[in-house]
Amino acid sequence: MADVAERAGVSRALVSIVFRDQPGASPLTRDRVLRVADEIGYRPDSAARLLARGRSRTLGVMFTVHQPFHADLVEGIYPEAERLGYDVLLSATAQGRGETKAVEALLGHRCEAVILLGPDAQPADIDALGHRTVTVSVGRRVPHARVDSVHTAEGKGVRQAMEHLVELGHRRIVHIDGARGPGSAERRRAYRAAMRRHGLEPELRVIPGDHTEQSGIETGRLLLDERDGGRPLPTAVLAGNDRCAMGLLMTLTRAGVDVPRDLSVVGYDDSHLSHLMPIGLTTVRQDAVLIAEYAVRFAVERLEGAAPEPREAVLDPKLTVRGTSGPPPESVGAGDR
């Protein structure tokens, strides 16, 4: 700032006024100071100013590198945080870098609040974090923990998907479980309940898996091996999420299974990848932008004292029907005859 003041021929105090956008400098002086700063490459250190006041005005976001829906959420977090006057710092979980390390990195960089996208930690650990700093859990409800949470009504989304498949005529509907992934327990319970409600309990089958493409690939291989052994393919599969559904689709189509003529596939999330396939994925849509906005607002309102106690937002999902779902093969055959 002293260098800018010297070259612009003004006092350092006046330079400070210009950079803080405070009254006290004429338009001509303001333009001269900003031009000189640009010429010498000076940029005000807003982070240092905030830290000097005891604030960083930065929200930390923990996400998973290979989770497409997390990318959609991050895209929604940035504009809402900027609108409210906050910066965003990202920290990823990856192979060899667990959630604890990702979160500690955010806290080490003086983030005032932490937004966890699909946390997998134990409830007690999430609660402990909520007592250390303002914390928002996205995609996972953590009962009795001191954290805000934002998620969709998982059971409602699964019910919509199951109603769609049953109305098409499907009975042999398999569910690929998401293990401990966000929302998996609720989706599993809703699938079981739907099968019982429609009198399909003898056909109920939950295949262990997780929220990865590899899980879908392995399930596809299992179903193909069973078919070769004489067990018919299911007529529909409700995957734990879109990534799992895509792995399943890749394996089945490479083996000559026609989707949806031979088998229907439904995902969950409606991540951006679901639009990029040659045949669009039927999936349960979670509104990533709205979820992100709630998460940011919850964090900021807690930080600024507008909401002293944690809150929960439960948003409605919506089934998006595309090209991977259709009538079961026996119905198609009967219609053709």
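Look up: the structure comes first, before these words.
A brief look at the structure comes next. (Residues numbered from 1 in each chain as written. Predicted model: local features only at pLDDT ≥ 70, side-chain atom pairs only at ≥ 80, totals over all residues. Heavy atoms only, no water.)

**Concerning the overall build of the chain**
Along the chain, the regular secondary structure elements total 13 helices and 12 strands. Looking at the 337 residues of the chain, the share that counts as buried comes to 50%. Sequence separation of at least 24 residues holds for 68% of the intrachain contacts in the chain that already meet a minimum separation of 6. In the form shown here, the chain has an accessible surface area of approximately 16200 Å², with 50% of it arising from carbon and sulfur atoms. Side chains of the chain carry 44 positive and 46 negative charges; the gap between the two charge centres is 2 Å. (Helix = DSSP H or I, 4+ residues; strand = E, 2+ residues; numbered from the N terminus. Buried < 20%, exposed > 50% of the residue type's maximum accessible area, 1.4 Å probe, protein only. Contact = heavy atoms within 4.5 Å. Areas by Shrake-Rupley, 256 points an atom, 1.4 Å probe, with all protein chains shown as cover. Lys, Arg positive; Asp, Glu negative; His and termini not counted. Charge placed at Lys NZ, Arg CZ, Asp CG, Glu CD.)

**Some remarks on the pattern of salt bridges**
Throughout the structure, instances matching the rule amount to 23 salt bridges. A salt bridge links Arg 180 to Asp 120, with the shortest nitrogen-to-oxygen separation between them at 3.8 Å. With Arg 180 in the loop between strand 6 (173–176) and helix 9 (184–197) and Asp 120 in the loop between strand 3 (113–117) and helix 7 (123–132), this residue pair connects regions lying 60 residues apart in the sequence. When its relative accessible area of 52% is taken as the criterion, Arg 180 is described as exposed. Residue classification places Asp 120 among the partly exposed residues on the basis of a relative accessible area of 35%. In this structure, the salt-bridge partner of Glu 163 is Arg 197, at a minimum N-O distance of 3.7 Å. (Salt bridge = Lys/Arg side-chain N within 4 Å of Asp/Glu carboxyl O.)

**Observations regarding the layout of surface pockets**
Where empty space is left in the structure can be found by rolling a water-sized probe over the atoms. Of the voids in this model, the largest pocket is the one considered here, and its volume is about 820 Å³. Looking at the largest pocket, it is lined by 39 residues, and the ones nearest its centre are Thr 64, Gln 67, Gly 118, Pro 182 and His 211. Classifying every residue of the lining of the largest pocket by side-chain character gives 12 nonpolar, 18 polar and nine charged. When its volume is computed, the second largest pocket comes out at roughly 260 Å³. The wall of the second largest pocket is formed by 18 residues, among which Arg 140, Arg 180, Gly 181, Gly 183 and Ala 185 lie closest to the centre. Looking at the lining of the second largest pocket residue by residue, the classes come out as four nonpolar, six polar and eight charged. (1 Å grid on protein atoms, 1.4 Å probe; cavity = no way out; pocket = protein on both sides within 12 Å on 5 of 7 lines; lining within 4 Å. Points joined across faces, edges and corners; volume = space filled by probe spheres on them. Nonpolar A, V, L, I, M, F, W, Y, C, P; charged D, E, K, R; others polar.)

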